Amino acid sequence: MRLYQKYFLTMLPIILICIGSLGFWSYTHSRNALYESEEENMNLLLNEAVHHIISSRHELLEQAGLTDIPAFVQSYQDEVFKELDDLAVVTNRRYFIIAQDGTPIYCSDSKDPSVLAEWSVLAQSLQGQTFGSFQAKDNINTLYASAAFSKPDWNWVIFVSRPEAEVTKQVSIIQLVTIGVSLISILLMGGLLTLVTRRLLIQPINHLQEAAAQISRQEPVDHIDITSNDELGDLARDMEGMSEAIKNKIEEVQVANKAKSMFLAHMSHELRSPLNSILGYADLALGNKEIQALPKETQNYIKTISSSGNHLMDLIGDILDFSKIEAGELVLEKSTMSLAELIEETSSMMVLAAREKNNTLDVVFPDNIHRWVLGDSVRLRQILMNFLSNAVKFTTDGTIRLGVTLKSEDEFTQKLRFEVSDEGIGIPKAKQTSLFSAFSQADVSTTRNYGGTGLGLAINKQLVLAMDGQIGVDSEEEKGSTFWFEVTLDKAKALYRPQEEILEHDLRNLKLLLVEDIKVNQIMAKALLEKSGQTVDTADNGFEAVEKVTTNEYDIILMDIHMPEMDGVEATKQIRSLSDTTKSSTPIIALTADIETSNLKEYIASGMNATCSKPLNMDDLLKTLKRLVHERSASAA
């Protein structure tokens with residue numbers, strides 16, 4: 001209900017009280033006024049009857065000297081009675097006359113002696129009162145007025161009367177008209193007051209409400225249409241000032257977030273670059289045949305370096321993801337993907353880890369699910385990988401199950417529930433509600449015994465919410481847990497991907513140019529690539545890379561992004577602008593620790609063909625090399 005409607009309802013009882021009071025006043029006032037008017041009218045009629053009719057006839061009778069002759073007296077009296085009859089008809093009144101001794105003489109209603117006798121009895125009881133009311137037969141209240149006429153033989157009391165109902169009927173009509181006019185006047189006044197109130201009070205409040213709603217949505221309010229100098233005007237000006245302050249604060253936050261993003265991107269590069277060397281050299285050492293000659297303890301040291309480095313890499317990724325979510329910079333991709341392949345690839349990545357703890361990993365993917373959907377395959381895999389890694393972490397000698405079920409569907413979408421169940425240690429009921437909060441784990445000892453930061457589930461929750469989905473857990477201590485999330489995905493048509501096999505010898509004797517400014521990373525990457533059978537040339541920065549491409553031919557260029565003198569993006573642009581089309585079209589892979597989606601798109605837009613993140617994952621890098629070699633061979637054919 002709007003405010004002006006509430007205002008009108010508040011005024012309604014006051015309006016009704018005013019109408020009732022006015023009605024009561026008008027009824028009382030009009031009744032008294034009509035009674036006074038009726039008394040005056042009756043006195044006028046009595047005056048007419050006594051002086052103009054009765055007295056005039058009696059004077060004529062006296063002047064003619066006929067007062068002693070009964071026949072003439074009766075004749076004159078009959079003339080008086082006839083004129084009174086006519087007057088009664090014209091004035092709608094009743095007239096009757098009695099003698100001073102009570103003898104009935106005349107009644108305008110009836111000549112019946114019995115009726116005359118009844119009126120005579122009644123009239124005698126009223127003698128001496130000039131105006132009042134009495135109750136006639138049939139209990140009819142009647143108003144009357146009386147006057148005396150005293151002459152020899154005509155010693156009369158004359159009465160004129162009228163039923164009281166006829167007078168009160170006029171009162172009721174006047175009352176209804178008065179109340180009706182009053183009601184219309186009050187309603188018009190109430191409507192006018194409502195319109196004025198709405199114009200002066202409600203509309204400014206509505207403007208303030210709209211401005212408050214804009215401010216709550218963090219939208220700037222340039223001007224509020226209130227110019228008055230009252231409290232509402234002061235409030236409007238205060239809100240405009242508050243909006244300006246919020247706008248400035250938002251701009252400051254945006255600048256801070258941008259600075260934070262740049263800092264994180266820089267720190268990501270600075271952290272991943274040395275980590276790239278640590279993991280790369282650890283992998284080289286573990287892959288060297290001579291490592292078998294080292295003591296077992298030394299081999300374990302190297303393995304620990306590798307596993308700790310990978311754990312640190314995951315931690316850095318979680319912190320970067322959480323920072324992006326906090327800054328509101330999380331952007332979901334929407335591309336066609338195969339759910340079946342996603343589930344198969346995700347589960348295959350965790351099979352070995354599950355087996356190491358003597359666990360069985362089962363996958364359930366029903367046939368009634370539409371295989372091809374639109375969504376962010378990277379983020380979906382990230383959620384499932386976190387669930388699976390937690391299940392493996394907390395389960396030993398048990399069964400882990402990754403399942404997908406169809407909740408509902410229509411022609412264009414399907415709602416899916418993804419579940420990862422385990423037979424691990426379980427989670428107490430009291431701890432389940434806080435699991436999806438940042439840096440939260442079921443028990444403080446969990447970090448000590450199993451590791452982890454407690455960021456994974458918090459990130460999962462934000463990713464699922466960004467997909468307009470739901471996330472939760474069902475768990476019982478010592479029996480296991482089931483982590484689940486539900487999302488609605490658009491159905492898509494299957495992608496046509498010809499299954500052409502890329503032979504292993506496609507990656508033998510490739511001539512690669514590795515552009516890397518950090519020597520330890522350069523040496524490590526070169527060693528890994530040469531170990532896979534490639535010929536590797538190196539450049540320390542973008543200038544050297546452009547010079548070497550100009551004078552040499554390479555199958556693929558591996559380009560670092562952040563380098564002194566000339567960075568990888570500018571070097572790529574210069575290579576693409578070379579006049580030699582063979583050299584300018586050489587495939588270029590960006591090697592970067594900056595995995596921000598917008599930056600990766602910028603690298604592709606600058607002319608690069610693919611990206612690989614640091615620390616280098618040789619499996620991913622070799623897959624990318626295979627794909628680019630195959631694409632170049634296919635285009636050449």
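In this text, all values refer to a predicted model and were calculated from it rather than measured experimentally.

The next point concerns the overall build of the protein. Across its full length, the protein carries 17 helices and 17 strands. Within the protein, the fraction of its 637 residues that count as buried is 40%. Of all intrachain contacts in the protein linking residues separated by at least 6 positions in sequence, the fraction that spans at least 24 positions is 66%. Carbon and sulfur atoms provide 55% of the accessible area of the protein, an area that totals close to 34,900 Å².

With their axes 10 Å apart at the nearest point, helix H8 (residues 377–394) and helix H11 (residues 456–466) run at an angle of 145° to one another. Along this stretch, H8 crosses H11, giving a crossing that reads as left-handed. From H8, Arg 379, Gln 382, Ile 383, Asn 386, Phe 387 and Asn 390 reach across to H11, where they touch Gly 456, Leu 457, Ile 459, Asn 460, Leu 463 and Val 464. For the contact of H8 with H11, the class distribution of residues is six nonpolar, five polar and one charged.

The next point concerns the sheet that holds strand E15 (residues 556–560). Strand order in the open sheet formed by five strands is E14-E13-E15-E16-E17, with parallel pairing between adjacent strands. Unpaired on one side and paired on the other, strand E14 (535–539) and strand E17 (610–613) mark the two borders of the sheet. Mean inter-strand twist for the sheet, computed between neighbouring axes without regard to direction, equals 25°. Where helix H14 (residues 568–576) meets the sheet, its contacts fall on E15 and strand E16 (588–592), and the angle it forms with E15 comes to roughly 150°.

The next point concerns the packing of aromatic side chains. The final tally for this structure, using the stated rule, is eight aromatic pairs. For the pair Phe 387 and Phe 485, a centre-to-centre distance of 6.2 Å together with 55° between the ring planes defines the contact as tilted. Here Phe 387 is found in helix H8, whereas its partner Phe 485 is found in strand E12 (residues 480–491), with 98 residues between them in sequence. The class for Phe 387 is buried, based on a relative accessible area of 2%. Over the ring of Trp 484 we find Arg 417; its NZ or CZ atom is 4.2 Å from the centre of that ring. One cation-aromatic arrangement involves Lys 511 over Tyr 554; the distance from NZ or CZ to the ring centre is 5.4 Å.

At their nearest, the axes of helix H13 (residues 542–551) and H14 sit 9 Å apart, and the two run at 20° to each other. Overall, the two elements H13 and H14 adopt an arrangement that is roughly parallel. Here the hand of the crossing between H13 and H14 comes out right-handed. On H14, the residues touching Gly 542, Val 546 and Val 549 of H13 are Ala 571, Gln 574 and Ile 575. Its residues placed into classes, the contact of H13 with H14 shows four nonpolar, two polar and no charged.

For H14, the complete set of buried residues consists of Gly 568, Val 569, Ala 571, Thr 572 and Ile 575. In an axial view of H14, the angular spread of the buried residues amounts to 160°, which keeps them on one side of the axis. If you check the start of H14, you find a side-chain oxygen 3.3 Å away from the backbone N of Val 569, and it comes from Asp 567.

All told, the structure shown has one cavity of 30 Å³ or more when counted by the stated rule. Volume-wise, the largest cavity comes out at about 40 Å³. Of the residues that constitute the lining of the largest cavity, the class distribution is four nonpolar, two polar and two charged.

The next thing to look at is the pattern of salt bridges. Evaluated as defined, the whole model comprises 17 salt bridges. The closest approach of N and O atoms between Arg 57 and Glu 83, which form a salt bridge, is 2.1 Å. One end of the pair, Arg 57, is in helix H1 (residues 3–63); the other, Glu 83, is in helix H2 (residues 70–91), with 26 residues separating them in the sequence. Bridged by salt links that share partners, the residues Arg 401, Lys 415, Arg 417, Glu 419 and Glu 486 form one connected network.

Counting 41 residues, the largest nonpolar core has Leu 339, Phe 387, Phe 418, Phe 483, Phe 485 and Leu 489 as its most contacted members. Within the residue set of this core, elements represented by two or more residues are helix H6 (296–326), helix H7 (339–356), H8, strand E9 (399–409), strand E10 (413–421), H11, strand E11 (470–476) and E12. When residues of this core are assigned to their parent elements, the largest contribution, seven residues, is made by H8. Among residues more than four places away in sequence, those in contact with Phe 418 are Leu 339, Ile 343, Leu 384, Gly 403, Val 404, Phe 483, Trp 484, Phe 485 and Val 487. Within the second largest apolar cluster, 29 residues are counted, among which are Leu 45, Val 80, Leu 84 and Ala 145.

Examined against the element boundaries, Glu 419 turns out to sit in strand E10. Under the relative-accessibility criterion, Glu 419 is labelled buried at 18%. Within the structure, Glu 419 has its side chain in polar contact with the side chain of Arg 417 (distance 2.6 Å). Discounting chain neighbours no more than four positions away, the residues touching Glu 419 are Arg 401, Leu 402, Gly 403, Thr 482, Phe 483 and Trp 484.

Looking now at unusual backbone geometry. Unlike most non-glycine residues, Asp 397 shows phi in positive territory, near 55°. Structurally, Asp 397 is set in the loop between H8 and E9. Residue Asp 397 is classed as exposed on the basis of its relative accessible area of 55%. Non-glycine residue Glu 565 carries a positive phi angle of around 70°. Topologically, Glu 565 is positioned in the loop between E15 and H14. Judged by relative accessible area, Glu 565 falls into the exposed class, the value being 64%.

What counts and how
Residues numbered from 1 in each chain as written. Predicted model: local features only at pLDDT ≥ 70, side-chain atom pairs only at ≥ 80, totals over all residues. Heavy atoms only, no water. Helix = DSSP H or I, 4+ residues; strand = E, 2+ residues; numbered from the N terminus. Buried < 20%, exposed > 50% of the residue type's maximum accessible area, 1.4 Å probe, protein only. Contact = heavy atoms within 4.5 Å. Areas by Shrake-Rupley, 256 points an atom, 1.4 Å probe, with all protein chains shown as cover. Axes fitted to C-alpha atoms, helices over the stretch in contact; angles between N-to-C directions. Left-handed = near helix turned anticlockwise from the far one by under 90°. Nonpolar A, V, L, I, M, F, W, Y, C, P; charged D, E, K, R; others polar. Pairing = 2+ DSSP bridges. Phe/Tyr/Trp six-rings, centres within 6.5 Å; stacked < 30°, edge-to-face > 60°. Lys NZ or Arg CZ within 6 Å of the ring centre and 35° of its normal. Parallel < 35°, antiparallel > 145°, perpendicular 65-115°, else oblique. Arc of directions from axis to C-beta. Polar contact = N/O pair within 3.5 Å; in protein donor to acceptor, adjacent residues only side chain to side chain. 1 Å grid on protein atoms, 1.4 Å probe; cavity = no way out; pocket = protein on both sides within 12 Å on 5 of 7 lines; lining within 4 Å. Points joined across faces, edges and corners; volume = space filled by probe spheres on them. Salt bridge = Lys/Arg side-chain N within 4 Å of Asp/Glu carboxyl O. Core = buried A, V, L, I, M, F, W, Y, C linked by side-chain atoms within 4.5 Å.

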